[in-house]
Amino acid sequence: MNELKFNDILQLEIVGKFTIFAVVVKVEQDIVRLEINHEHYQNAKQIVLGDIVYANVHTQTGTRQMESVVLKTLDQNHCIEIKNTPTWTNIHKRDFVRVDDSFEFKFKAGLFSKYKATATNISAGGIAFRTEKPIFHAGEKITCLFGPGIFGLAPLTCKAKIVKAVNRHCAAQFILLSEADEDRIAKRVFKILSDKQNL
């Protein structure tokens, strides 16, 4: 259960029914409280007690999957609760190390619109972040504008593709990233890892 933490985005496969996305709002031993993506409320209303759920989560070592069971169905806060089994299964290896991080940056969606965001974790392959309001769908492309001091002295601009969007929580994969820019991002990631090891 130490794989899961507040704000993690999960893909929930409700066996025999559908797949939805949710964000972790509370973890207490093997009980996980999840806020359902607003686009999936109608499907979530069909969830019943005892439904088997395969919860997929992205971690530093890859995508992990855990079989779970529904303990509480959708409430007025658009949340459900699931109980996880004690065993995770690796289903996909991650190519990049991901670390928790927090910094503000801007991004462009379209030609003129600029928005503010706060990073929640970062890797040389992508970034997870929170926006001020829900504005994205998976598959949309954005331009990330990282200011001076985030990835070295110079600012860094790169393209990214939204791979998950749950309310204000988004995960994006960097695309067309140069090797030099990838190295700049990787340096921040490994500095964070090094600082943690030295604590």
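This text gives an overview of the structure that appears in the document. (Residues numbered from 1 in each chain as written. Predicted model: local features only at pLDDT ≥ 70, side-chain atom pairs only at ≥ 80, totals over all residues. Heavy atoms only, no water.)

This part covers the pattern of salt bridges. When the charged atoms of two side chains lie near each other, side chains of opposite charge can form a pair. Under the definition given, this model contains nine salt bridges. The shortest N-O distance in the salt bridge between E28 and K26 comes to 3.5 Å. Assessed through its relative accessible area of 45%, K26 is described here as partly exposed. Between R33 and D75 there is a salt bridge, and its shortest N-O distance comes to 2.7 Å. Separated by 42 residues along the polypeptide, R33 in strand β3 (residues 31-36) and D75 in the loop between β5 (62-72) and β6 (79-84) bring together distant segments of the chain. (Salt bridge = Lys/Arg side-chain N within 4 Å of Asp/Glu carboxyl O. Buried < 20%, exposed > 50% of the residue type's maximum accessible area, 1.4 Å probe, protein only. Helix = DSSP H or I, 4+ residues; strand = E, 2+ residues; numbered from the N terminus.)

We now examine the environment of H169. Along the polypeptide, H169 turns up in strand β14 (residues 169-175). Along the backbone, H169 and A22 are 147 residues apart, and their C-alpha atoms lie at a distance of 9.6 Å. When sequence neighbours within four positions are dropped, the list of residues in contact with H169 reads N7, I9, V23, F129, R130 and K164. (Contact = heavy atoms within 4.5 Å.)

When strand β9 (residues 104-109) meets strand β10 (residues 113-123), the two strands line up antiparallel, connected through six bridges. If you follow F105 over to β10, its bridge partner there is A117. Pairing between β9 and strand β12 (residues 141-146): three bridges, direction antiparallel. Bridge pairing in β12 places K106 opposite L145. (Pairing = 2+ DSSP bridges.)

Let us now look at the nonpolar core. Among the nonpolar cores identified, the biggest contains 28 residues, and F105, I127, F129, F146 and F174 are the most heavily contacted of them. Breaking this core down by element, the ones donating at least two residues are β9, β10, β11 (126-131), β12, β13 (156-166), β14 and α2 (179-197). It is β13 that provides the largest number of residues to this core, a total of five residues. If we ignore the near neighbours within four places in the chain, the residues touching I127 are F103, F105, A119, N121, I122, F146, C170, A171, A172 and F174. The next biggest cluster of nonpolar side chains, apart from the first, holds 20 residues, and it includes L4, A22, Y41 and I82. (Core = buried A, V, L, I, M, F, W, Y, C linked by side-chain atoms within 4.5 Å.)

Locating D100 in the fold gives a position in strand β8 (residues 99-100). With a relative accessible area of 36%, D100 lands in the partly exposed category. In this structure, the C-alpha to C-alpha distance between D100 and N121, residues 21 residues apart in sequence, is 4.1 Å. Setting aside anything within four residues of it in sequence, one finds D100 in contact with K5, T120, N121, I192 and K196.

The next thing to look at is unusual backbone geometry. The phi dihedral of Q29 falls on the positive side, at around 55 degrees, and the residue is not glycine. Mapped onto the secondary structure, Q29 falls in the loop between β2 (18-28) and β3. With a relative accessible area of 70%, Q29 lands in the exposed category. Unusually for a residue other than glycine, H78 sits at a positive phi of about 65 degrees. Counting through the fold element by element, H78 comes out in the loop between β5 and β6.

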